[in-house]
Every structure is written in structure tokens, then in C-alpha cells.
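Architecture and fold: a report
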Amino acid sequence: MFSLAAKHYPNFEEALVGLGRTLVSLGKAEQAVAPLRKAIALNAANEVAWFQLAQAERALGNAVEQQKALDEFQRLRRLKRQAEITFLTRQGVTKQTLDSKPSQE
């Protein structure tokens, strides 16, 4: 199905990622690289595409390319976490602290 979606909608990023992921799981990592790279070209912030590219490169024995993709995946993951924390903070969630005074009870 992913291959049909990618064929008829060549800029359908999620179909390209799904196709790449499927090809890697079928042991066709060499064929997976092109759709994953295209998905990344369409959206360089797609952390799933970067992770799947790292998996494809690992399967191909390309340690340097695997590490580059993994580093980008981890960088994007950190940015996403930071954005989530910032969002929650702006929503009025206050940081909790420990009360250093002993209880009078």
C-alpha cells in the first residue's frame, strides 16, 4: 500500500516513511534509502524518517551514515521535548519545589 501511495502521491511524506520502514523490515534496506531521503527532503524535521534512515544505513553496514542519521534523530527529539516543556510552562504549569521547612504537625 505504501508503494502505491508513494507512486500516486510522490510528495506524500508519511507514505514515503512507511515505504522505507517496510522495506527495511523486509530486508530491502538498499531500496529503503531513497524514499526515506525523499521524505527528509520534504520535511527535515521528521524524526521518524531520520530514525528509519539510521536503521536502513545500519542494515547496509554504513556506520558513518547511520550515526549521522541517528544524531539528527536525537537532536530533533531533544528539540521536541524542549518545545513540549516550554508549551506546558506557558500553560500556567508551575514548577514544583520541596518545602525545606519541617512540618509543624
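These figures come from a predicted structure and were not determined experimentally.

Let's shift gears to helix α2 (residues 13-25). Along its 13 residues, α2 runs 19 Å from first to last C-alpha, staying within 8% of the 18 Å computed at 1.5 Å per residue. Taken as a whole, α2 has its buried residues at E13, A15, L16, V17, G18, L19, G20, L23 and V24. Against α1 (2-8), α3 (29-42) and α4 (47-59) lie the buried residues of α2. Among the residues trailing α2, G27 stands out with phi positive, at a value near 80°.

Time to look at the nonpolar core. Within the largest apolar cluster, 21 residues are counted, with the highest numbers of intra-cluster contacts made by A32, W50, L53 and A56. Looking at this core, the elements that each hand over two or more residues are α2, α3, α4 and α5 (63-90). Contacts of A32, omitting those with residues within four sequence positions, involve G20, L23, V24 and A56.

Before going further, it helps to spend a moment on the side chain of E13. Looking at the secondary structure, you find E13 in helix α2. Here E13 is buried and forms no salt bridge, its nearest opposite-charge partner K80 lying at an N-O distance of 12 Å. The contacts of E13, once residues within four sequence positions are left out, are A39, L42, N43 and N46.

The next point concerns the packing of aromatic side chains. Counted according to the given criterion, the structure contains 1 aromatic pair. Judged by centre distance (5.1 Å) and plane angle (55°), the ring pair of F51 and F73 falls under tilted. Highlighted residues: F51 in helix α4 and F73 in helix α5, separated in sequence by 22 residues. Residue F73 is classed as buried on the basis of its relative accessible area, which comes to 15%.

Taken as a whole and assessed by the stated rule, the structure comprises 5 salt bridges. One salt bridge in this structure joins E65 and R37, with 3.4 Å as the shortest N-O distance. Here E65, found in helix α5, pairs with R37, found in helix α3; they are 28 residues apart in sequence, far enough to count as distant. A residue is classified by how much of its surface remains accessible, and E65, at 29% relative accessible area, is partly exposed. According to the relative accessible area criterion, R37 is partly exposed, its value standing at 38%. Ionic pairing is found between E72 and R75, a salt bridge with its closest N-O pair at 2.7 Å. Within this pair, E72 and its partner R75 are both found in helix α5, separated by 3 residues, close to a single helical turn. E72 sits in the buried class, given a relative accessible area of 18%. What makes R75 partly exposed here is its relative accessible area of 35%. A cluster of three or more residues bridged by salt bridges with shared partners is formed by R37, E57, E65 and K68.

Quick notes on the rules
Residues numbered from 1 in each chain as written. Predicted model: local features only at pLDDT ≥ 70, side-chain atom pairs only at ≥ 80, totals over all residues. Heavy atoms only, no water. Helix = DSSP H or I, 4+ residues; strand = E, 2+ residues; numbered from the N terminus. Expected span 1.5 Å × (residues − 1). Buried < 20%, exposed > 50% of the residue type's maximum accessible area, 1.4 Å probe, protein only. Contact = heavy atoms within 4.5 Å. Core = buried A, V, L, I, M, F, W, Y, C linked by side-chain atoms within 4.5 Å. Lys, Arg positive; Asp, Glu negative; His and termini not counted. Salt bridge = Lys/Arg side-chain N within 4 Å of Asp/Glu carboxyl O. Phe/Tyr/Trp six-rings, centres within 6.5 Å; stacked < 30°, edge-to-face > 60°.

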